[in-house]
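Structural characterization, general
Here is how the chains run, residue by residue.
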Amino acid sequence: MGQNVPFCTGSFATDGNTATPFTTIERRDVGITMNVVPRITAGGVVQLVIEQEISSLTNANVERAADLVTNRRVINTTVMADNRGTVALGGLITDDCTSGESRVPGLSDVPLVGELFRSRNARETNRTLFVFLRPTILRSNAITGCKPPT
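Residues numbered from 1 in each chain as written. Predicted model: local features only at pLDDT ≥ 70, side-chain atom pairs only at ≥ 80, totals over all residues. Heavy atoms only, no water.

Under the convention used in this document: UniProt positions are given in the numbering used here, feature names are shortened, and annotations may be inferred rather than shown by experiment.
The name an unreviewed UniProt entry assigns to the protein is Type II secretion system protein D, from the organism Pseudooctadecabacter jejudonensis. The Subcellular location (unreviewed entry) field of the UniProt record for the protein holds the comment "Membrane". Taken directly from UniProt, the Sequence similarities (unreviewed entry) text for the protein runs: "Belongs to the bacterial secretin family."

Written as structure tokens, this is what we have:
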């Protein structure tokens, strides 16, 4: 769940001769991604190798950054679950605080009444990602409706 964002990976500028200028772009997913690799053990238990990632574009200006800057958080884990058992994953928590001020130029600097020409705002966002997985083993007999050979 997210966006596919273009990142500049290289460029070449012409010097006025025969060279053709170009810019190379690589598209990368930004948002919430999850990769799950299931394995069924001999005892009928499902092993899940899970990688969760949350990435986002940042508005901050980073010195010497040539392109977009991303924040990235990753959790890698391996869990064991019974057939049709439920696994709950959590831990990717985001707390964002933003604040700003708007003012009328000149009038907001007047002593005593200047506060009437200013406004301040603050916003706090808290997010917690929980993922619930319920692995189910599908036997070939159940899929095809065939009986096993005797």
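1. A look at the overall build of the protein
Quick note on the threshold: Strands are runs of DSSP state E lasting at least two residues, helices are runs of H or I lasting at least four, and both sets are numbered from the N terminus onward. When a residue's accessible area, from a 1.4 Å probe over protein chains only, is under 20% of the maximum for its type it is buried; when over 50% it is exposed; and in between it is partly exposed. Only heavy atoms matter for contacts: two residues are in contact if any of them lie within 4.5 Å across the pair. In short, Shrake-Rupley with a 1.4 Å probe defines the accessible areas, and a residue's cover is counted only from the protein chains shown.
Within the protein, the regular secondary structure consists of one helix and six strands. When the helices and strands of the protein are read in sequence order from the N terminus, they spell out β-β-β-β-β-β-α. Taking all 150 residues of the protein together, 17% fall into the buried category. For the protein, restricting intrachain contacts to residue pairs at least 6 apart in sequence, the fraction spanning at least 24 positions comes to 49%. Approximately 11,600 Å² of the protein is accessible, and the part contributed by carbon and sulfur atoms is 53%.

2. Details of a nonpolar patch on the surface
Test applied: Exposure above 30% relative accessible area and the lack of any salt bridge qualify a residue for a patch; like charges then connect within 9 Å, and the nonpolar side chains Val, Leu, Ile, Met, Phe, Trp and Tyr within 5 Å. Any carboxyl oxygen of Asp or Glu within 4 Å of a side-chain nitrogen of Lys or Arg constitutes a salt bridge here.
A contiguous nonpolar patch, built from Val104, Leu107, Val110, Leu112, Val113, Leu116 and Phe117 and spanning about 660 Å² of accessible area, is present on the exposed surface. Tracing the sequence through the fold places Val110 in the loop between strand 5 (87-103) and strand 6 (118-133). For Val110, a relative accessible area of 35% corresponds to the partly exposed category.

3. Focus on the pattern of salt bridges
Scanning all chains against the criterion turns up six salt bridges. Its salt-bridge partner being Glu101, residue Arg120 comes within 3.0 Å of it at the nearest N-O pair. Of this pair, Arg120 sits in strand 6 while Glu101 sits in strand 5, placing them 19 residues apart in sequence. Residue classification places Arg120 among the exposed positions, given a relative accessible area of 55%. Salt bridges linked by common partners bring Glu101, Arg103, Asp109, Glu115, Arg118 and Arg120 together as one network.

4. Structural notes on the nonpolar core
Formally: For this analysis, a nonpolar core means a set of buried residues of the types Ala, Val, Leu, Ile, Met, Phe, Trp, Tyr and Cys, connected via side-chain atoms within 4.5 Å.
By size, the foremost hydrophobic cluster in this structure holds 13 residues, and its most contacted members are Leu48, Ile50, Val79, Val87, Leu89 and Leu133. At the level of elements, strand 3 (46-57), strand 4 (70-81), strand 5 and strand 6 are the ones that each hand at least two residues to this core. Per-element tally for this core: the top contributor is strand 3, with four residues. Setting aside its immediate chain neighbours within four residues, Leu89 contacts Ile50, Gln52, Thr77, Val79, Leu129, Phe130, Val131 and Leu133.

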